[in-house]
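Reading the structure
One letter stands for each residue in the lines below.
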Amino acid sequence: MMRRFLSVPALLLAVVPAAVRGQKPAPKCDADNAGLKLPAGFCATVFADSVLGARHIWVSPQGDVFVSSQSQNAGGIWGLRDTNGDGKADVRTRFASGIRSSEVAMFDGYLYAENRNAVVRFPYKPGSLEAAGKVDTIVEGLPVGTHEAKTFTIDKNGAMYVNLGSVTNSCQEKDRAKESPGKQPCTELDQRAGIWKFDARKLHQTAPAAVHFARGIRNAVGITLHPQTGRLWATQHGRDQLGGEAEAGGNWPNSVHYNAENPAEELLQVNEGDDFGWPYCYYAVDEHHLVLAPEYGGDGKKQGECAKKKEPVATFPAHWAPNGLMFYTGSMFPARYKNGAFIAFHGSWNRAPEEQAGFNVVFQPLNGEKAAGAYEVFADGFALNRVGRGGGNHRPTGLGQGPDGALYVADDMMGRIYKIVYTGM
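Everything quoted here is computed from the prediction, not taken from an experiment.

Reading the values: the criteria
- Residues numbered from 1 in each chain as written.
- Predicted model: local features only at pLDDT ≥ 70, side-chain atom pairs only at ≥ 80, totals over all residues.
- Heavy atoms only, no water.
- Buried < 20%, exposed > 50% of the residue type's maximum accessible area, 1.4 Å probe, protein only.
- Helix = DSSP H or I, 4+ residues; strand = E, 2+ residues; numbered from the N terminus.
- Pairing = 2+ DSSP bridges.
- pLDDT = per-residue confidence, 0-100.
- Contact = heavy atoms within 4.5 Å.
- Core = buried A, V, L, I, M, F, W, Y, C linked by side-chain atoms within 4.5 Å.
- Phe/Tyr/Trp six-rings, centres within 6.5 Å; stacked < 30°, edge-to-face > 60°.
- Lys NZ or Arg CZ within 6 Å of the ring centre and 35° of its normal.

For the rest of this paragraph, the subject is the pairing of strand S15 (residues 232-236). Of all five residues making up S15, five are buried, and the element is well covered by its neighbours. Across three bridges, the pairing between strand S14 (residues 223-225) and S15 is antiparallel. Among the inter-strand pairings, Leu225 is bridged to a residue of S15, identified as Leu232. In textbook terms, the turn of a hairpin is the stretch between consecutive antiparallel strands, and for S14 and S15 this stretch comprises six residues, one of which, Gly230, has a positive phi near 75°. Judged from the five bridges that link them, S15 and strand S16 (residues 265-270) form a sheet pairing that is antiparallel. Along S16, the bridge assignment pairs Trp233 with Gln269.

Pasting the structure below:
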């Protein structure tokens, strides 16, 4: 039998750690990939647990992970740090308290967050996990109630785009009531169900004085800017109750199965003046375009005025609830992911009698600003229970990209933060 021996230089290389040799050590992963199902070559760790109410994420150039929280008691912004490179946070600091926030973003030396009816900012010192000064109020007096998360994004020039979600399901005269007609016109569109543009550097602004940038978006929880064009993108939470008996959650005489599969969730490219149709329209899965809502005389096929509304770039199964949107710009993942969109789906509560679904992170391939094929489920395994209203699950909400190209996912139900890396193994 032939035996192969390493030369002395090769033997030394084999036993000297990669970091000492000037090479980057391989990313660390949990043995069970934190319970996730991922494509070949990817693995994951539980970066942090029990970050109650965790929503959206910003990762600093130093690799510190800042997480917004809308928890009643532990809300604010949390700073997480991995000091030994094992893929797990071993330092946790409450960067900001006294707010319940669904968003966190960095601009011009400040960390921005929202507080239900306001957008605020805290001075940030690079490398610190504590606010460097007092809070400023950028926008105030925003509407509260249903869909009250004021998610936002800020462009390089300081334009801040804020989502003001609808207060109703479909602008009925009586909200969520059986066969109640829709208001005509839907005056709610003047204050909600759209995106408003503010100045991120200016204090004490109000929505009436801001630019009403786009309308007809029921709830754009996922909102970000395209890395190449700088243009605005968002996701839309589709409406509920398109079919079934009222006691089962339906408003209209369509079948419960129709309601479970409609409307599609949407990925939108948003320009100033765009109208995406809510509440008059919804995206019908079988028709492959926007159709009139039943509250406005629709039958599941008729387009009417919806033919003039802006269509989505890509669509996804009904009621999955897209909460996080991020374009991947790192170099860790294979090249095919570059500038494509990752979307975190919170998971459904209203697909009965079908199984509840979503509770995952998908990848939407793009060619420039057009879909380049169907979506792919990238990370699954968050759901532990798919019956009832989807309770008892990890529910993906926020996405963040580390300086090394790792993908972070926040779960707002159980407070877990996942770190997903590519090793090629």
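Below, the discussion takes up the confidence of the model for the protein chain. Caution applies to low-pLDDT parts of the model: their predicted coordinates are not meant to be read in detail. For the protein chain, per-residue confidence averages 92 on the pLDDT scale, and 92% of positions sit at 70 or higher. Counting contacts from residues 1-22, a segment whose pLDDT is below 50, to residues more than four positions away or on other chains yields eight contacts.

Take the nonpolar core next. With 42 residues, the main nonpolar core has Phe333, Phe342, Val361, Phe378, Leu407, Ile417 and Ile420 as its most contacted residues. Not counting residues within four places of it along the chain, the set of residues in contact with Ile417 comprises Thr45, Val46, Phe47, Ala48, Val51, Ala54, Ile57, Val67, Leu80, Tyr408, Val409 and Ala410. Counting residues in hydrophobic clusters, the runner-up holds 18 residues, among them Leu189, Leu242, Ala264 and Leu290.

A few words now on the packing of aromatic side chains. Applying the stated rule across the entire model yields 31 aromatic pairs. Seen in terms of ring centroids, Phe42 and Phe333 are 4.8 Å apart; in terms of plane orientation they differ by 85°. Their pairing is edge-to-face. Of this pair, Phe42 sits in strand S1 (residues 42-48) while Phe333 is found in the loop between strand S20 (322-327) and strand S21 (341-345), placing the two residues 291 residues apart along the sequence. Take Phe42 and Phe333: they sit in the same class, and that class is buried. Ring geometry for Phe333 against Tyr337: centres 5.9 Å apart, planes inclined by 75°, an arrangement best described as edge-to-face. Per residue, the accessibility class of Phe333 equals that of Tyr337, and both read buried. Within the aromatic cluster, the residues linked to one another by ring pairs are Phe42, Tyr328, Phe333, Tyr337, Phe342, Phe363, Phe378 and Tyr422. In this structure, Arg121 is placed above the aromatic ring of Tyr110, and the distance from its NZ or CZ to the ring centre is 3.9 Å. The ring of Tyr337 has Arg336 lying over it, and the distance from NZ or CZ to the ring centre is 5.0 Å.

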